[in-house]
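Next come the chains, spelled out residue by residue.
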Amino acid sequence: MTKYVLSLDGGGVRGLASANFLRKLEFEMHKPLLEKFDLVCGSSTGGILAIALSVLKLNGSRLVNIYSSRNLKRIFSTSMPRVFGPKYGGRRKNNVLREYFGSLTLAEAETPAIAVSYDLKNRSTRLFKTFEDKEMEAWKVASATSAAPTFFPAIKINNDWFIDGAISSNNPVLIAYAEAKKLWPNENIKILSIGTGYDDRPYKGSKTKNWGIFSWLRGGIIQVLMESNSEHLIAESMFKENYLRVNSKLGSVDSDIDNSSDRNLDECLKMGDQWWDQFGFETLNFLITN
């Protein structure tokens, strides 16, 4: 029997494009997303989507609503300029997550889900698994997987501190496959991997060759690290017809992961629409073919 896995990239507000694609997929399948996927794995904003799907059992339209202008403007807002420390305080983000998840724990998950984070104490990737970390509060896990360095403070869970899973794996497709094989070692695994767009504008070597820390931070080194496609190349080579990647150039979408302007959010929605036009038919066939 084939097991279907959904892998979701990080990318801040651009997760709206992923959510919009999933909304269209659910509508065309005529069934809830959780009835199709046996495991959901996400990093950063994809980790929030994974936990929201599994614990809250949200449908596609309600996933899109997570990225409402009201929510994102609360998350990406600060009462005063911050010269030192992260760009945003994190309190408003956590308040939004608490409003969604309340006191629910990962034990409420209907379908196995994994949120990727990074453990500062052990300096290693931390996988929060609904089927193992059942006592964990869902909102804290959602906050940990999306605590992007320079943007949000680290989040404390029990006695440990965690930051954004994108630090170790923004595209968690290989993690998703490895965990699926642990759960179902004798089953065929098919993975639908959804990105958040990538910036294809080149860096000029003559301009960047002498950049230091602050120049690279201003120049978007975080986004560069997040948009590495090595996981995709490996997955494409290893899994062949059992792997489908949905992603594209950003086009008119801003590369800044915290641009919550109405215009940029509209462009993110349009990118999700374009993905459906480009990959929708292929995705439906991929999910019905064993």
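Every value quoted in this text rests on a predicted model; they were computed, and no experiment measured them. (Residues numbered from 1 in each chain as written. Predicted model: local features only at pLDDT ≥ 70, side-chain atom pairs only at ≥ 80, totals over all residues. Heavy atoms only, no water.)

Caption draft 1: The arrangement of the nonpolar core in detail. Counting 66 residues, the largest nonpolar core has L6, L25, F37, L63, F101, L192 and I194 as the members making the most contacts within it. If we ignore the near neighbours within four places in the chain, the residues touching F37 are Y4, V5, L6, L25, T111, L192 and L287. One finds V116, A176, W184 and F239 within the second-largest nonpolar core, a separate group that totals 16 residues. (Core = buried A, V, L, I, M, F, W, Y, C linked by side-chain atoms within 4.5 Å. Buried < 20%, exposed > 50% of the residue type's maximum accessible area, 1.4 Å probe, protein only. Contact = heavy atoms within 4.5 Å.)

Caption draft 2: Quick look at the packing of aromatic side chains. Applying the stated criterion across every chain, the model contains seven aromatic pairs. For the pair F76 and Y88, a centre-to-centre distance of 5.5 Å together with 75° between the ring planes defines the contact as edge-to-face. Here F76, found in the loop between helix 4 (69–75) and helix 5 (91–101), pairs with Y88, found in the loop between helix 4 and helix 5; they are twelve residues apart in sequence, far enough to count as distant. Classification of Y88 by relative accessible area gives buried; the value is 6%. (Phe/Tyr/Trp six-rings, centres within 6.5 Å; stacked < 30°, edge-to-face > 60°. Helix = DSSP H or I, 4+ residues; strand = E, 2+ residues; numbered from the N terminus.)

Caption draft 3: Representation of the packing of helix 5 against helix 6 (residues 138–145). At a minimum axis distance of 9 Å, the contact between helix 5 and helix 6 shows a crossing angle of 140°. By the angle class used here, helix 5 and helix 6 are oblique. Handedness of the helix 5/helix 6 crossing: right-handed. Note on element contacts: helix 6 touches helix 5 through A138, W139, A142 and S143, opposite K93, N94, L97, R98 and F101. Class assignment of the residues belonging to the contact of helix 5 with helix 6 gives a composition of five nonpolar, two polar and two charged. (Axes fitted to C-alpha atoms, helices over the stretch in contact; angles between N-to-C directions. Parallel < 35°, antiparallel > 145°, perpendicular 65-115°, else oblique. Left-handed = near helix turned anticlockwise from the far one by under 90°. Nonpolar A, V, L, I, M, F, W, Y, C, P; charged D, E, K, R; others polar.)

Caption draft 4: Structural context of the pairing of strand 3 (residues 113–119). Counting buried positions along strand 3 gives seven out of seven residues, so the element sits mostly inside the fold. The alternating pattern of strand 3 places A113, A115, S117 and D119 and I114, V116 and Y118 on opposite faces, both of which are buried. Inspection of the sheet shows strand 2 (residues 39–43) paired to strand 3 by four bridges, in the parallel sense. Residue V40 lies in a different strand from strand 3, and its bridge partner there is A113. Bridging between strand 3 and strand 4 (residues 124–129) involves six bridges; their strand directions are antiparallel. The residue bridging A115 from the neighbouring strand is F128, located in strand 4. Hairpin connection between strand 3 and strand 4: a loop of four residues separates the two successive antiparallel strands, and R123 in this loop has a positive phi of roughly 50°. Bridge count for strand 3 against strand 6 (residues 160–164) is three bridges, and the pairing is antiparallel. Residue D119 lies in a different strand from strand 6, and its bridge partner there is F162. (Pairing = 2+ DSSP bridges.)

Caption draft 5: Fine view of the side chain of S193. Inspection of the secondary structure assignment puts S193 in strand 7 (residues 188–194). Residue classification places S193 among the buried residues on the basis of a relative accessible area of 0%. Separated by 2.7 Å, the side chains of S193 and R245 make a polar contact. Sequence-distant contacts of S193, defined by excluding residues within four places in its chain, comprise S7, D9, N171, V173, Y243, L244, R245 and V246. (Polar contact = N/O pair within 3.5 Å; in protein donor to acceptor, adjacent residues only side chain to side chain.)

Caption draft 6: Local environment of the environment of E26. Its place among the elements puts E26 in helix 1 (residues 15–29). The class for E26 is buried, based on a relative accessible area of 14%. Sequence spacing of E26 and S61 is 35 residues, and the spatial spacing of their C-alpha atoms is 9.2 Å. Not counting residues within four places of it along the chain, the set of residues in contact with E26 comprises K31, P32, L33, N59 and G60.

Caption draft 7: Fine view of helix 8 (residues 173–183). Here helix 8 has its buried residues at V173, I175, A176, E179 and A180. All buried residues of helix 8 fall inside an arc of 155° around its axis, so they share one side. (Arc of directions from axis to C-beta.)

Caption draft 8: Spatial organisation of the pattern of salt bridges. The tally for this structure, following the rule as stated, stands at 13 salt bridges. Here K182 ties to E179 by a salt bridge, and the two come within 3.1 Å at their closest N and O atoms. In this pair, K182 and E179 are both assigned in helix 8, three residues apart and thus about one turn of the helix distant. For E179, a relative accessible area of 4% translates into the label buried. Here K270 ties to D266 by a salt bridge, and the two come within 3.4 Å at their closest N and O atoms. Of this pair, K270 and D266 both sit in helix 13 (residues 262–288), four residues apart, which is roughly one turn of that helix. Here D266 falls in the partly exposed class, since its relative accessible area comes to 36%. Bridged by salt links that share partners, the residues K129, E132, E179 and K182 form one connected network. (Salt bridge = Lys/Arg side-chain N within 4 Å of Asp/Glu carboxyl O.)

None of the figures reported here should be taken as evidence of function without further support.
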